[in-house]
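Observations on the three-dimensional arrangement
This is what each chain is made of:
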Amino acid sequence: MGDIRFVKALIRWHIDPSKYPCNTWLPDIIVHFGSLEGKHLTGEAWTVPVRITSLIEGTRDTYADVRFLVDDAPWHLLVSGYMFKLWAGKEVASVKVL
């Protein structure tokens, strides 16, 4: 992938995001397109680096940049209004592409 593409997003965290640094890519988060069967994920999963750009005061919400790491990821889904869940050992956030 020649250029580093990303989209702006609103993230509603299920955990406290204040422990994450702003303006640094968080590498260990995935988006999962499938289901959870017991303790196993089925279907496709893609690494989604997240870069928190600002905290929204009084909430667990943040503005952020999100992207995929590889060209063959489903980039076409990252359009305004698209929503997906982030996973880091458990569901940690809901994302809405702005």
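Throughout what follows, the structure given in this document is the object of discussion. (Residues numbered from 1 in each chain as written. Predicted model: local features only at pLDDT ≥ 70, side-chain atom pairs only at ≥ 80, totals over all residues. Heavy atoms only, no water.)

Turning our attention to the environment of N23. As for its position among the elements, N23 is in the loop between β1 (7-13) and β2 (25-26). You can call N23 exposed: its relative accessible area is 55%. When the C-alpha positions of N23 and D65 are compared, they lie 8.9 Å apart, and in sequence the two are 42 residues distant. Ignoring sequence-local partners within four residues, the contact set of N23 consists of R51, I52 and T53. (Helix = DSSP H or I, 4+ residues; strand = E, 2+ residues; numbered from the N terminus. Buried < 20%, exposed > 50% of the residue type's maximum accessible area, 1.4 Å probe, protein only. Contact = heavy atoms within 4.5 Å.)

This model, assessed by the stated rule, comprises five salt bridges. Here R12 ties to D61 by a salt bridge, and the two come within 2.7 Å at their closest N and O atoms. With R12 in strand β1 and D61 in strand β6 (residues 61-66), this pair connects stretches of sequence that are 49 residues apart. You can call R12 partly exposed: its relative accessible area is 45%. With a closest N to O distance of 2.8 Å, R51 and D65 form a salt bridge. (Salt bridge = Lys/Arg side-chain N within 4 Å of Asp/Glu carboxyl O.)

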